[in-house]
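Structure assessment
The lines below spell out each chain.
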Amino acid sequence: MQTGTETVKRGHAQMLKGGVIMDVVTPEHARIAEDAGACAVMALERVPADIRAHGGVARMSDPGLILEIMKTVSIPVMAKCRIGHFVEAQILEAIGVDYIDESEVLTPADEHNHIDKHGFKVPFVCGCRNLGEALRRIGEGAAMIRTKGEAGTGDVVEAVRHARAVLGEIRRLTTMRSDELMSYSKEIGAPYELVRETAETGSLSVVNFAAGGVATPADAALMMQLGVDGVFVGSGIFKSGNPALRAKAIVQAVTHYNDPKILAEVSQGLGEPMVGIGVTTLPESERLAVRGW
Amino acid sequence: MGKLADWYGLLEPLKDASKSVPLWGTCAGLIFMAKDVGMKQPILAVMDMVVERNAFGRQVDSFEEDLDMIGLEGGPFHGIFIRAPVIKEVGSAVEVLSRLKDGRIVAARRGSMLVTAFHPELTPDDRVHQYFLKMCKQAQEAA
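All values derive from a computational prediction rather than experimental measurement.

**Considering the environment of Val 266 of chain A**
Residue and element names in this part refer to chain A.
- Inspection of the secondary structure assignment puts Val 266 in helix 13 (residues 260-266).
- Residues Val 266 and Glu 45, 221 residues apart in the sequence, show an inter-C-alpha distance of 29 Å.
- Here Val 266 is in contact with Pro 217, Ala 249, Gln 252 and Ala 253, once residues within four sequence places are set aside.

**Observations concerning the UniProt feature "binding site: D-ribose 5-phosphate" (unreviewed entry) in chain A**
Residue and element names in this part refer to chain A.
- In the numbering adopted here, UniProt assigns the feature "binding site: D-ribose 5-phosphate" (unreviewed entry) to Asp 23, Gly 152, Gly 213, Gly 234 and Ser 235. Annotated residues spanning 213 residues; largest pairwise C-alpha distance 12.4 Å, indicating a single compact cluster. Looking only at the residues we just named, the largest cavity is lined by Asp 23, Gly 152, Gly 213, Gly 234 and Ser 235.
- Locating Asp 23 in the fold gives a position in strand 2 (residues 20-24).
- In this view, Asp 23 contacts Met 42, Leu 44, Val 47, Pro 48, Val 233, Gly 234, Ser 235 and Phe 238; residues no more than four positions away in its chain are not counted.

**Some thoughts on the UniProt feature "domain: Thiazole synthase ThiG" (unreviewed entry) in chain A**
- According to UniProt, the feature "domain: Thiazole synthase ThiG" (unreviewed entry) maps to residues 212-255 of chain A in the numbering used here.
- The distance from the first to the last C-alpha atom of residues 212-255 of chain A is 19 Å, and the span holds 61% helix and 9% strand.

**Examining the packing of aromatic side chains**
- This structure, assessed with the given rule, holds eight aromatic pairs over all chains.
- Pairing Phe 209 of chain A with Phe 232 of chain A gives two aromatic rings, centres 5.7 Å apart and planes at 70°, and the pair type is edge-to-face. Remark: Phe 232 of chain A occurs in strand 9 (residues 230-233) and Phe 209 of chain A occurs in strand 8 (residues 207-210); sequence separation between them is 23 residues.
- Accessibility expressed as a relative area gives 6% for Phe 232 of chain A, which makes it buried.
- For the pair Phe 63 of chain B and Phe 81 of chain B, a centre-to-centre distance of 4.5 Å together with 10° between the ring planes defines the contact as stacked. Taken together, the positions of Phe 63 of chain B in strand 4 (residues 63-67) and Phe 81 of chain B in strand 5 (residues 77-81) put the pair 18 residues apart, joining distant regions of the chain.
- A relative accessible area of 1% places Phe 81 of chain B in the buried class.
- Ring pairing ties together the aromatic residues Phe 56, Phe 63, Phe 77, Phe 81 and Phe 118 of chain B, which thus form one cluster.
- Sitting over the ring of Trp 7 of chain B, Lys 248 of chain A keeps its end group 4.4 Å from the ring centre.

**Quick look at the pattern of salt bridges**
Residue and element names in this part refer to chain A.
- Scanning the model with the defined rule gives 23 salt bridges over all chains in all.
- A salt bridge links Glu 102 to Lys 117, with the nearest nitrogen and oxygen atoms 2.7 Å apart. Note that Glu 102 is positioned in strand 5 (residues 99-103) and Lys 117 in the loop between strand 5 and strand 6 (124-128), a separation of 15 residues in sequence.
- You can call Lys 117 buried: its relative accessible area is 0%.
- When the shortest N-O distance is used, the salt bridge between Lys 148 and Glu 133 registers 2.7 Å.

**Remarks on the sheet that holds strand 5 of chain B**
- Taken together, three strands build an open sheet; the order of strands is 1(A)-4(B)-5(B) and the sheet is antiparallel. At either end of the open sheet lies a strand with only one pairing partner, and these are strand 1 (2-3) of chain A together with strand 5 of chain B.

**Digging into empty space enclosed by the protein**
Residue and element names in this part refer to chain A.
- Tallying each qualifying case throughout the model produces two cavities of 30 Å³ or more.
- The space that makes up the largest cavity amounts to roughly 180 Å³.
- Lining of the largest cavity is provided by 22 residues; of these, Pro 48, Ala 151, Ala 211, Gly 212 and Gly 234 occupy positions nearest its centre.
- For the lining of the largest cavity, the secondary structure elements donating two or more residues are strand 9 and helix 11 (235-238).
- For the lining of the largest cavity, the residue count by class is eight nonpolar, nine polar and five charged.
- Considering only enclosed or pocket space, the second largest cavity measures out at about 30 Å³ in volume.
- If you go around the second largest cavity, the residues you meet are Ile 83, Glu 102, Glu 104, His 114, Cys 126, Gly 127, Glu 133, Lys 148, Arg 291 and Gly 292.

Reading guide: rules and limits
Residues numbered from 1 in each chain as written. Chains lettered and ligands numbered in written order. Predicted model: local features only at pLDDT ≥ 70, side-chain atom pairs only at ≥ 80, totals over all residues. Heavy atoms only, no water. Helix = DSSP H or I, 4+ residues; strand = E, 2+ residues; numbered from the N terminus. Contact = heavy atoms within 4.5 Å. UniProt positions renumbered as here; feature names shortened; annotations may be inferred. 1 Å grid on protein atoms, 1.4 Å probe; cavity = no way out; pocket = protein on both sides within 12 Å on 5 of 7 lines; lining within 4 Å. Phe/Tyr/Trp six-rings, centres within 6.5 Å; stacked < 30°, edge-to-face > 60°. Buried < 20%, exposed > 50% of the residue type's maximum accessible area, 1.4 Å probe, protein only. Lys NZ or Arg CZ within 6 Å of the ring centre and 35° of its normal. Salt bridge = Lys/Arg side-chain N within 4 Å of Asp/Glu carboxyl O. Pairing = 2+ DSSP bridges. Points joined across faces, edges and corners; volume = space filled by probe spheres on them. Nonpolar A, V, L, I, M, F, W, Y, C, P; charged D, E, K, R; others polar.

So this is what it looks like as structure tokens:
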């Protein structure tokens, strides 16, 4: 019996495809998310919008809180550690979380290196803004990728930018001659073997979700139509007027992302969406997506 | 899965279909087909068995293991178990097809219904798919 293999780590993400992963800060939130049909929850002390408002250093959440949430729901529970903070990751693995998000939403612990994720039995998901970043993370052992967007804003523009970048670069890659791949690998700073594999298959070797700024069912369906495998919703649900209703509507929108009639139905009467921050008004120093190397 | 099937009124049509259309559930699909899953959730309840969800623990306990499966030729099948369930009890009409070394049931069949706790779709080995196709042919001939 082998545990913690690449197959079971990547295979888990395959089971989440077509689903919504929701940020939750209490066991009550987790129950609402599960009842609304979330395929997994991300256990946090603060959603990204509050991390922004709070300022200071954002760290891994209290393991006690994460354990409470794990006890409350039967769906997978993910938790975040800081970029490069492999001891936070060891702690999260020790308490048995189902996935670790090495996340730019928390304050990075290392400004040069990400975690060597091959050494862990628990699978990792990592953020990216472009194909080079995605392949570097997969090279380090990420079993799942998400585009970063700009967390805690409720503005989907960066999520769109990053998803278009990754998927567009993959499309371009498939049209290249084999003798162009080494130079392209150098240009985007990605491992040659993974670039070649991506050129051959025309897709990433792991599941790719969208994240960062999804606030409405339409936002979620937009990301799905652009070609991602599923959606993370952070502040968008529990910072809105009616979380239970909005959570269920976003799940339905991701299931039926190509059916505008259903999207119209589920978008009705959801109450106030989260108050957004336009990404263009954010100074560079407050942008989370630039964290990661 | 069960929730969406419930919201969109698919539980009854799927239950009806299972009487004439061959059905195969893997992992969550196995849970969806079981009569008893130990908790309240929307299920088809078409297969006479008691199931335990997340029977091996959490994701860090997910594993790969070679299995002997009745009806498959050519040696053991490489089973991939991801937060997998097990079958704790089966009704008298259900045939057990595969067990782990500790005896726990991970594949079973009743008529034209097949359940596997592992994920054959994550391996390049298509023998379980071939087995199901054979079941479909048998069902067609019987009809």
